[in-house]
Amino acid sequence: SGSGPEGVGAMTSGNFSDKTWSGTPMWQIAEELEEQRRKRDEEDRRKASTPVAVLNVKAEGEHFLCELTLLIPANAAKLPPESRPDPSSGGFREVKVRGPRRSLRAEAVKDGFELRAGFHEKGEAEVARRCRHLRSKTWAATELPAEGVRIDEDEDKEQRLRLAQRPRGTGWSRQKDAEFFVHTHAPMAYDPKKMQYFTAEATTGRHVPCDAPHDPVEYLINVSAGASLVGKGDADLALAERPRTLLLKELVLTGRAMKKPLFFLDQPASCFVLFESVRGTAAAEYCAKNVHTKLLAKLSSTLQYWSDTMTQGLIRSIIEELDAELLQQPAACYDGAALAVALVLGDRMTLATLGGVRGLLLSPGGGVRMLGDRHFVEEEGPERQRLDACGGEVVCREQEDGSSKLSVRRPLRPRRTAVAQDQAAEIQRVLEAAPDSFAALGLGAEDSVDAKSAKVHYRKLALKVHPDKAPGDLKEHAKEAFAKVEAALERIEAMYDADAKATIELHRLLELAGEVDSAVMPRSWARSLLGLEEGAQLEEAEQKAEECKKTLQKLGVFADGRLAQPDAARAAAMLDEALEALQAPAPKEGIGLEAVMVSRALGLRDLKRPKAIVTSEPQIEVFPIDTPGSYHLALLSRATRALSDEEVVSRLRGFPRQPKTASLVIAQTASEAMSSRQAPPAACLASAVVAGFEVQEDKAEEPPTKKARAEQAVDKVRCLHILLKHKDLRMAKDPESQVRLKGKPLVSRTQAQAERELLAMQRSLLENPNIFHVLARKHSECDTAMQPGQSAGDLGWVSRGSCGIPQFEAALFGLKAYEVSDIISTPRGLHIVQRIA
């Protein structure tokens, strides 16, 4: 009866309730589940064999570019086993392609659509072809996509999520038993679940969220560099006035060695600097010792992309810091330095010059860009106008070689109030020794200052300088002097009417200041002007100067707060000079602060304070190095101005793949030219930094496997070499370095002599490269020189990793067949090498 339904109810309340069982037979459910599994597997196989292009648009400074990440499955690309992707990467080979930089985001989006379409149509080779085409493509406004257009596709959603699970760039490793990544060379971590980057605080070590680091791009650009210094004689190379150079070819490695992580920089990342003394030697030496630490610290301060504006700001900030520090150095503040710096990040070069050094960039098409010829004192032009406006005095200074150059200095201001009896002398006094209205009227310290006294002095003086009473040869000067005297009377009357006490105080200050007869006035003069006792504190001096300036303001001010009366402005400037004299270190005894030939430089405190005549504002430009071919950069010291730009370019082209040799030729030729002009030894010191950048064309249309085989094909080379030893070698690294050959005397030549000898051989080899073995037998100081016949100098077959000297091995494997190398320096001496197989 009731037990039946209860039993059924008990059964249906379990696994076979009518809520879960549709009544479909179990075999049919199993078939449906199997069909679903089969479709999932089929979809997974389809995804695993379908290439995907993930498009992103990135902002790099002021520009935009598209970045296409190609995910190419192994079976779709039909790659051999050795080229198949790592299983941990999801079974895909990943290729990144970057479009050209654009000023508009819509242009970068259009580039990305074009590249993605090419990939889907014809694959990776078509992407490379279109990428090259886009470099010269200009999109019309009608071709650009609408603002806010969607750039992702449904097919790449899964791959976008997969890519987001990995941190950007290289150097990351997953922590054991943890879900996050840490960076090998930087205090950073990445949490893939939160898709968030973290950085460790320097003080607490606690990880806090931060922006994503820049994903660096390694451009196909080979960098080589060399620097040379040549003087009248080898002993001159040790002079304190010598230019100084700094070559940082591998910034990332340098940063790692100094614990400054730079893994996020585009590659290549290099920096080349040349410093030269402007006056004295301490400034150039200080800058050369400190510039690299500032550069590395600032580069590592942000992990973001370094845009053109940021790199220019970086160099400016380094120059500003060096200048500020120099002005506080008692031993260096009055010395000056010029510089040229080239910072290469990826396919961009930021070149800055300051002072008398210059930079020259030779592009693959033969174009020449010069930077740094604008900072010399000239007869006219914007820089001359600025110097005149700042009150600089331009003089013609005779050089030690007999030539004369325009130079600038802080003006020396003679001031005489005693009226001369001779008419010509009085006219000259008014024009040249009366810098203010009181001196022009001859109002001395004992004279009262009021409108009546000024008129009395004016009448007496007018009779002496009136043009009608001057002879013919003095009439023009007399007109000028008479006009100055009339203007002086008007000013004094106007000031006296405005405030009599302030006018008397102004006269007192100008009388106390007297004439300025040196670039840096003594402290006794400053204390006298400010009315201070010896030993008074700077705060008291500043208070006194401020009180005097407030008094001068009663004579009139402009809307912007500047003093309206020229005489009051002059007195205020003298007060500033007095404060500077109390703060500034005393110049070195017996050393005058001569005028300088440049309008911009580091240091030179006497020309920057209290009012800047010389500035430290550099000339900076950014150059792209993205056209396939060879670029050549030359940083040139002042002595190389003996060579024209065409002469420098011809020497760069003469040794296109030997930057050390090219720098040596340029410096040598310039030094010889200066010596022929009878210039002193310091003026004959010529220095050049030369860097070469070989931009390779992206040959992505070549199958990757063939490309990989081509890159690894050269695993050993055969070369001839010539070794010259010199006495400057470090004995600790090579105990036999001073032994020329068995049974021969010790080496006595200097490194400079060895460089000159190798340069002469390279010039001979330019004419006939087949005589290398002859030169090796005659000149080389390696035992290989004794080998018979054409084997003289033969190193035999050299395999990768077997050399033991990285820079020497890199030079060997970087040579083309029968090409002669640059001058290579190793612990054994100086070498040149020729590859023969």
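Given the structure is predicted, the values throughout are model-derived calculations rather than measurements.

**Description of the side chain of D236**
Thinking step 1. By secondary structure assignment, the location of D236 is in the loop between β9 (221-230) and β10 (244-248).
Thinking step 2. Of the side chains bearing the opposite charge, K232 lies closest to the buried D236, which forms no salt bridge; the N-O distance is 6.9 Å.
Thinking step 3. Excluding anything up to four places from it in sequence, D236 contacts P681 and L685.

**Examining the side chain of D215**
Thinking step 1. Mapped onto the elements of the fold, D215 is located in the loop between β8 (207-210) and β9.
Thinking step 2. Look at D215 and you get buried, because its relative accessible area is 9%.
Thinking step 3. Not counting chain neighbours up to four residues away, the residues in contact with D215 comprise K58, K96, R168, G169 and D266.

**Focus on the packing of helix α8 (residues 282-299) against helix α9 (residues 308-327)**
Thinking step 1. At a closest axis distance of 10 Å, the pairing of α8 and α9 adopts a crossing angle of 140°. Between α8 and α9, the crossing angle belongs to the class labelled oblique. Crossing of α8 against α9: the hand is right-handed. Counting all contacts with α8, which are made through A283, Y286, C287, N290, V291, K294, L295, K298 and L299, the residues of α9 involved are L314, S317, I318, E321, L322, E325 and L326.
Thinking step 2. Split into classes, the residues belonging to the contact of α8 with α9 amount to 10 nonpolar, two polar and four charged.

**What to know about the packing of aromatic side chains**
Thinking step 1. Counted according to the given criterion, the structure contains two aromatic pairs.
Thinking step 2. Summarising the aromatic geometry, the rings of F263 and F264 are spaced 5.5 Å apart at their centres and angled 85° between planes, so their arrangement reads as edge-to-face.
Thinking step 3. For K110, the ring lying beneath its charged end belongs to W139, and the centroid distance is 5.2 Å.
Thinking step 4. We note R641 situated over the ring of F376; from NZ or CZ to the ring centre the distance is 4.1 Å.

**Some thoughts on the packing of helix α13 (residues 451-465) against helix α14 (residues 475-498)**
Thinking step 1. The contact between α13 and α14 brings their axes to 10 Å, and the two run at 175°. In terms of orientation, α13 and α14 fall into the roughly antiparallel class. The segment α13 lies against α14, with A451, A454, K455, Y458, L461, A462 and V465 engaging A478, A481, F482, V485, E486, L489, I492, E493 and Y496.
Thinking step 2. Grouping the amino acids of the contact of α13 with α14 by side-chain chemistry returns 13 nonpolar, no polar and three charged.

**As for the confidence of the model for the chain**
Thinking step 1. Per-residue pLDDT for the chain averages 86, and the proportion of residues at 70 or more is 88%.
Thinking step 2. Residue range residues 1-18 is modelled with pLDDT below 50. Its contacts to residues more than four positions away, or to other chains, number three contacts.
Thinking step 3. This stretch, residues 77-84, has a pLDDT under 50; its non-local contacts, to residues over four places away or in other chains, come to nine contacts.

**As for the nonpolar core**
Thinking step 1. L441 and L552 are the most contacted members of the largest nonpolar core, which has 50 residues in total.
Thinking step 2. Residue assignment for this core shows that the elements contributing at least two residues are α11 (423-432), α12 (437-440), α13, α14, α15 (500-513), α16 (523-530), α17 (538-552) and α18 (566-583).
Thinking step 3. Filtering out sequence-adjacent residues up to four positions away, L552 remains in contact with L506, L509, L563, A568, A571, A572 and L575.
Thinking step 4. Listed in part, the 45 residues of the second largest apolar core include W172, A269, V273 and V341.

What counts as what
Residues numbered from 1 in each chain as written. Predicted model: local features only at pLDDT ≥ 70, side-chain atom pairs only at ≥ 80, totals over all residues. Heavy atoms only, no water. Helix = DSSP H or I, 4+ residues; strand = E, 2+ residues; numbered from the N terminus. Buried < 20%, exposed > 50% of the residue type's maximum accessible area, 1.4 Å probe, protein only. Lys, Arg positive; Asp, Glu negative; His and termini not counted. Salt bridge = Lys/Arg side-chain N within 4 Å of Asp/Glu carboxyl O. Contact = heavy atoms within 4.5 Å. Axes fitted to C-alpha atoms, helices over the stretch in contact; angles between N-to-C directions. Parallel < 35°, antiparallel > 145°, perpendicular 65-115°, else oblique. Left-handed = near helix turned anticlockwise from the far one by under 90°. Nonpolar A, V, L, I, M, F, W, Y, C, P; charged D, E, K, R; others polar. Phe/Tyr/Trp six-rings, centres within 6.5 Å; stacked < 30°, edge-to-face > 60°. Lys NZ or Arg CZ within 6 Å of the ring centre and 35° of its normal. pLDDT = per-residue confidence, 0-100. Core = buried A, V, L, I, M, F, W, Y, C linked by side-chain atoms within 4.5 Å.

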